[in-house]
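# Fold and geometry: a report
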Amino acid sequence: MAFILEIVKKIFHPSLQATPSLSRGKRGNPCPPSLRAEGEAIQDFCVMDCFVAPLRCAPRNDFFNGFAMIEAIVSIGVIAGFFLAFAGLSMRAQQTSRANAVRLKAILSLGEGTEIARDIEKRNWAMLEDASCADPNICHPEVNAGEWVLTSGAESASPDGITRWVTTQSVARDTLGYPNVIVETGGMTDPDTRRVTIAASWLENGRARAAEETTYVYR
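Residues numbered from 1 in each chain as written. Predicted model: local features only at pLDDT ≥ 70, side-chain atom pairs only at ≥ 80, totals over all residues. Heavy atoms only, no water.

This next bit is on the overall build of the chain. For the chain, the count of helices and strands is 4 helices and 6 strands. What you see in the chain, going N to C, is helices and strands ordered as α-α-α-α-β-β-β-β-β-β. Residues counted as buried form 29% of the 219 residues belonging to the chain. Considering only contacts in the chain between residues 6 or more positions apart, those separated by 24 or more positions represent 47%. Just so you have it, the chain exposes about 14200 Å², and 60% of that area is on carbon and sulfur atoms. (Helix = DSSP H or I, 4+ residues; strand = E, 2+ residues; numbered from the N terminus. Buried < 20%, exposed > 50% of the residue type's maximum accessible area, 1.4 Å probe, protein only. Contact = heavy atoms within 4.5 Å. Areas by Shrake-Rupley, 256 points an atom, 1.4 Å probe, with all protein chains shown as cover.)

Here you go:
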């Protein structure tokens, strides 16, 4: 208890010196006036009163009391600002993490679409030539009887909001003989080659995003 009293004295009246003759007064008695006099030793005081209302035991100093209050307010403001900044950065990091996860799933769905097109290339070439999937029409892959098939229309949005679709186009070459190259304009249509475009769209932090991947399939 004496240790606590020494701390109280140093905080509220640094000029008071320690004295071994500390005695506990009756509970409820006011602190004696001698405690307010600078430099006077503590002879007898009420521990409870001085602990609950220490300003009664120390000289009144409005300047230092006001300064301490300003320090407390500034400290609270700094701490509050720190927590607000930390909360903002944390929310931003979570949003970025979710957006990256959705974008990765969309890119992976494009790769899956490419593999599906190559699977259909081997099993059902006519499906790739179907007019319902030919540009500008679109279709989407789905499993039917354990096999991938192309169905007219866009794929229903996934739980992550990703929508995928496929479209096919004929391919022209500068000549049907060998060697030859694919040309964008002119040339001759190659009946044994199709261009397949797999596209996906999704929302990223409220903004629409889209990506696509193109591959060629051969009969």
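After that view of the structure, there is still more to cover.
Grouped together as the largest cluster of nonpolar side chains are 21 residues, with contacts concentrated most on Ile 120, Leu 128, Leu 150, Ile 162, Val 196, Trp 202 and Val 217. Mapped onto this core, the elements with two or more residues apiece are helix H3 (62-123), helix H4 (125-129), strand E2 (147-152), strand E5 (188-204) and strand E6 (207-218). Counting residues per element, this core draws most heavily on H3, which supplies 6 residues. Beyond its immediate stretch of four places on either side in the chain, Leu 128 contacts Ala 117, Ile 120, Glu 121, Leu 150, Thr 168, Arg 194, Val 196 and Val 217. (Core = buried A, V, L, I, M, F, W, Y, C linked by side-chain atoms within 4.5 Å.)

Next up on the list: the pattern of salt bridges. All chains considered together, the criterion is met by 11 salt bridges. Of the charged contacts, one joins Arg 164 and Glu 155 as a salt bridge, the two residues approaching to 3.2 Å between their closest N and O atoms. Across the pair Arg 219 and Asp 192 runs a salt bridge, and its minimum N-O distance is 3.0 Å. Within this pair, whereas Arg 219 is found in the segment after E6, its partner Asp 192 is found in strand E5, the two being separated by 27 residues in sequence. In this structure Arg 219 comes out as exposed when scored by relative accessible area, which is 54%. (Salt bridge = Lys/Arg side-chain N within 4 Å of Asp/Glu carboxyl O.)

The next thing to look at is unusual backbone geometry. That bond from Asp 135 to Pro 136 is cis: its omega, 15°, falls within 30 degrees of zero. Along the polypeptide, Pro 136 turns up in the loop between H4 and strand E1 (139-144). Its identity is not glycine, yet Ala 145 carries a phi of approximately 55°, on the positive side. Along the polypeptide, Ala 145 turns up in the loop between E1 and E2.

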